[in-house]
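Structure at a glance
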Amino acid sequence: MGCSGCSTGRGCSTASTDLPGGCKNNGSCSTGGCNKLNVFDWLANMELPAGQPVFDCVEVRFKNSRKEIFRNVNTLPLNVGDVVAVEASPGHDIGVISISGELVRLQMKKKNANPASEEIKKLYRKAKQTDIDKWVEAQNLEHSTMYRARTIAVKLNLQMKISDVEYQGDKTKAIFYYTAEERVDFRELIKVLADEFKVRIEMRQIGARQEAGRLGGIASCGRELCCSTWLTDFRSVSTSAARYQQLSLNPLKLAGQCGKLKCCLNYELDSYLDAIQDFPEVNNVKLETQRGRAFHQKTDIFRRTMFFSYTDEPDNFIPLPVDRVKLIIEMNAKAEKPEDLLAKVIQPRIVEKKPDYENVVGQDSLTRFDKSKKPKSKNNKRRNGPPNPNKPAGVVTGNKPNSTPNPNQNKPKPNPNPNQNKPNPNPNIGNKPKNNTNRPRPIIKQPGQNNNNRPPETK
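All residue numbers refer to positions counted from 1 along the written sequence of the respective chain. The model is predicted, so local features are restricted to residues of pLDDT at least 70 and side-chain atom pairs to those at 80 or more, both for listing and for counting; the totals for chains, interfaces and linings are taken over all residues. Water and hydrogen atoms were dropped before computing side-chain values, which therefore reflect all heavy atoms in the structure.

A run of H or I in DSSP becomes a helix once it reaches four residues, and a run of E becomes a strand once it reaches two; helices and strands are each numbered from the N terminus. Across its full length, the protein chain carries ten helices and twelve strands. Residue exposure (1.4 Å probe, protein chains only): buried if accessible area is under 20% of the type maximum, exposed if over 50%, otherwise partly exposed. Across the 459 residues in the protein chain, those meeting the buried criterion constitute 30%. Considering only intrachain contacts with a sequence separation of at least 6, the fraction spanning at least 24 residues in the protein chain is 59%. Throughout, a contact is declared for two residues whenever any of their heavy atoms are within 4.5 Å.

Quick look at the structure:
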């Protein structure tokens, strides 16, 4: 996560001479992890009034969380992310601009710094390529120097821990950051380090929280440490903050990477303090009821619920609203005891009301608007097929529409009646279909009308 320059704590790798103007992201890199203690320049898009000069001070950040204010004496056009050469003691140092413009004035006001003070150091120029090359060489020496310095401190039996080393941009000075529980006499250590590394040595003692902020890391919540990303002031944290928030006093869970109580315990403390102002004090108070005595178990602050248990049933947690607890305390003050912790609530009887109208015209029917289906007529028209000479003229043969072919249609059927194939002496009798509703009506011959359908007489 972040750019390649994050590992050294020097800033975004895009802030170089290869990209003029640096990141130009108003102090908020898109990767979310380039710089430590980023400050978003919310005044960057606002223009100054006519004739108002640009504020001549800028904020420069060095390794990790070290920041200082410098005066732009040459009125150079500077942007966030530019690598600049600034005044140091002795020589010069290389840093990255973190804030420029009017926001620096507000930042100095927050830190109680006087903009007109003569103690503000100068900003010389934008860094040249030779300055950046020497700066990178100094960064590569920091880890080996720190390990060598720890070895020397152990040989001298000094009760101190060297946690970080920062070289100056011109490689003429090195700052050693250490932590110690007691005062340490490191005069002999400075002489040995100066002879070993041939640079000017400066020792700075920091606390456990400052050490965690400089080194960085991932907290138990899964995010980067607050002290290394945005937190600048370290307020004292006490165990009472955990008690107000109903947290278990487990030092392994409440301690951060620095070994002290987590700073995030103070974030929501004010909300909890405002919420419990209306809660009664029940730490040493027991509720008296006719069923028995009850004691307090725990409290859900934001649901405004307090849990009590009877002395004879400590495992049974009974939730009570805050108003009910206050009422029982007032009753006990008057030597009165309620029947039980929970108030009996009389449920109202629900009576079903019948409709005050009658279904006279069928308006309650759900199918009153459905259309009635008409019955299908039995005399469906069929398609006429080819004439069958074996059937009488009155019988109409044909296939039904959309009928599926029957595989057993062409197979000969057994003849149950042996006399069926014998010639009928009377052809007009016996060949008529029985119960045939579709047979044609008989033709009645009118007087004077020729019957064309009559079969010819045989002589």
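Continuing now.
This paragraph deals with the packing of helix α3 (residues 142–155) against helix α4 (residues 187–197). Orientation is described by axes fitted as lines to C-alpha atoms, over the contacting stretch for helices, and by angles from 0 to 180 degrees between their N-to-C directions. Between α3 and α4, the shortest axis-to-axis distance is 11 Å and the interhelical angle comes to 140 degrees. Our classification of the angle between α3 and α4 gives oblique. As α3 runs across α4, the sense of the crossing is right-handed. When α3 is examined against α4, the residues T145, R148, A149, I152 and A153 are found in contact with a partner set consisting of L189, V192, L193, E196 and F197. Split into classes, the residues belonging to the contact of α3 with α4 amount to seven nonpolar, one polar and two charged. When describing relative orientation, an angle under 35 degrees is termed roughly parallel and one over 145 degrees roughly antiparallel, while 65 to 115 degrees is termed roughly perpendicular and anything else oblique. In this scheme the handedness of a crossing depends on how the near helix is turned from the far one: anticlockwise by less than a right angle means left-handed, clockwise means right-handed. Amino acid classes used here: Ala, Val, Leu, Ile, Met, Phe, Trp, Tyr, Cys and Pro are nonpolar; Asp, Glu, Lys and Arg are charged; the rest, including Gly, are polar.

What follows covers the confidence of the model for the protein chain. On a scale of 0 to 100, pLDDT captures the predictor's confidence in every residue. On average, residues of the protein chain carry a pLDDT of 78, and 69% of them reach 70 or more. Note on residues 1–9: pLDDT under 50 across the span, and 22 contacts to partners over four residues away in sequence or across chains. Scored below 50 in pLDDT, residues 13–24 shows 25 contacts in the model against residues more than four places distant or in partner chains.

Bringing α4 into the picture now. The set of residues buried in α4 consists of L189, L193 and F197. The arc that holds every buried residue of α4, seen down its axis, measures 40 degrees, which confines them to one face. Exposed and oriented more than 90 degrees from the buried face of α4 are R187, K191 and D195. Of the surrounding secondary structure, the elements contacted by the buried residues of α4 are α3, β6 (161–167), β7 (173–179) and β8 (200–205). By definition, the arc is the one covered by directions from the helix axis to the C-beta atoms.

With that out of the way, let us pick up the pattern of salt bridges. What makes a salt bridge here is a side-chain nitrogen of Lys or Arg within 4 Å of a carboxyl oxygen of Asp or Glu, nothing more. For the structure on display, the rule yields 25 salt bridges. Linking R66 and E68 is a salt bridge whose minimum nitrogen-to-oxygen distance equals 3.1 Å. Judged by its relative accessible area of 11%, R66 falls in the buried class. Exposure remark for E68: the relative accessible area of 25% places this residue in the partly exposed category. E166 serves as the salt-bridge partner of R66, at 2.7 Å between the closest nitrogen and oxygen.

Moving on, we come to the environment of I120. Assignment of secondary structure puts I120 in the loop between α1 (102–110) and β5 (121–126). The exposure class assigned to I120 is buried, which follows from its relative accessible area of 16%. Taking the C-alpha atoms as reference, I120 lies 6.8 Å from I69; in sequence the two are 51 residues apart.

Let us now look at helix α10 (residues 322–333). Because each turn of an α-helix spans 3.6 residues, side chains separated by three or four positions in sequence point in the same direction. To estimate how far a helix should reach, multiply one less than its number of residues by 1.5 Å. Taking 1.5 Å of rise per residue, twelve residues should cover 16 Å, and α10 covers 17 Å from first to last C-alpha, within 8% of that figure. Within α10 the residues assigned to the buried category are V322, R324, V325, I328 and M331. Looking at the buried positions of α10, the neighbouring elements they touch are β9 (287–288), β11 (305–310) and β12 (313–321). Backbone geometry just downstream of α10 places A335 in the positive-phi region, at approximately 60 degrees.

What follows is about a nonpolar patch on the surface. Together, F40, W42 and L106 make up an exposed nonpolar region whose accessible area comes to about 340 Å². Mapped onto the fold, W42 is located in the segment before β1 (57–61). Patches here are clusters of residues that have more than 30% relative accessible area and form no salt bridge, with a 9 Å joining cutoff for like charges and a 5 Å cutoff for nonpolar side chains (Val, Leu, Ile, Met, Phe, Trp, Tyr). Computed with a 1.4 Å probe, the accessible areas rest on the Shrake-Rupley method; for each residue, only the protein chains presented here act as cover.

Okay, the packing of aromatic side chains next. Classification of ring pairs rests on two measures: the distance between centres of Phe, Tyr or Trp rings, Trp counted by its six-membered ring, which must be within 6.5 Å, and the angle between planes, read as stacked under 30 degrees, edge-to-face over 60 and tilted in between. Across all of its chains, the model carries five aromatic pairs by this definition. Taken together, a centroid distance of 6.1 Å and an interplanar angle of 75 degrees make the contact between F62 and F70 edge-to-face. Grouping residues by exposure puts F62 and F70 together as buried. Ring geometry for W230 and Y267: centres 5.9 Å apart, planes at 45 degrees, overall tilted.

Another aspect to go through is the pairing of β12. The two faces of a sheet get side chains in turn, since along a regular strand they alternate between them. At least two DSSP bridges between two strands are required for those strands to pair. Sheet topology note: the β11/β12 ladder contains five bridges and is antiparallel. Along β12, the bridge assignment pairs F308 with I318. Here β11 folds back onto β12, and the loop between the two strands holds two residues.

A separate point is the nonpolar core. In this structure, M160, I162, Y167, F176, L189, L193 and M203 are the most contacted members of the largest nonpolar core, which totals 20 residues. Among the elements of the structure, α3, β6, β7, α4 and β8 are those that each provide at least two residues to this core. The element contributing the most residues to this core is α3, with four residues. With residues near it in sequence (within four places) discarded, L189 still touches I152, A153, L156, L158, M160 and M203. Among buried residues, those of type Ala, Val, Leu, Ile, Met, Phe, Trp, Tyr and Cys that are joined through side-chain atoms within 4.5 Å constitute a nonpolar core.

So, about the sheet that holds β7. Taken in spatial order, the three strands line up as β6-β7-β8 in an open sheet, and their pairing is mixed. Two strands in the sheet have a free side with no partner beyond their single neighbour: β6 and β8. Across the sheet, the axes of successive neighbouring strands diverge by a mean angle of 25 degrees, strand direction being ignored. Taken together, the six bridges between β6 and β7 define a ladder with antiparallel strand orientation. Each residue of the ladder has a partner; that of E166, found in β7, is I175. Across the sheet, helix α5 (residues 208–215) is in contact with β6 and β7; its angle to β6 comes to roughly 50 degrees.

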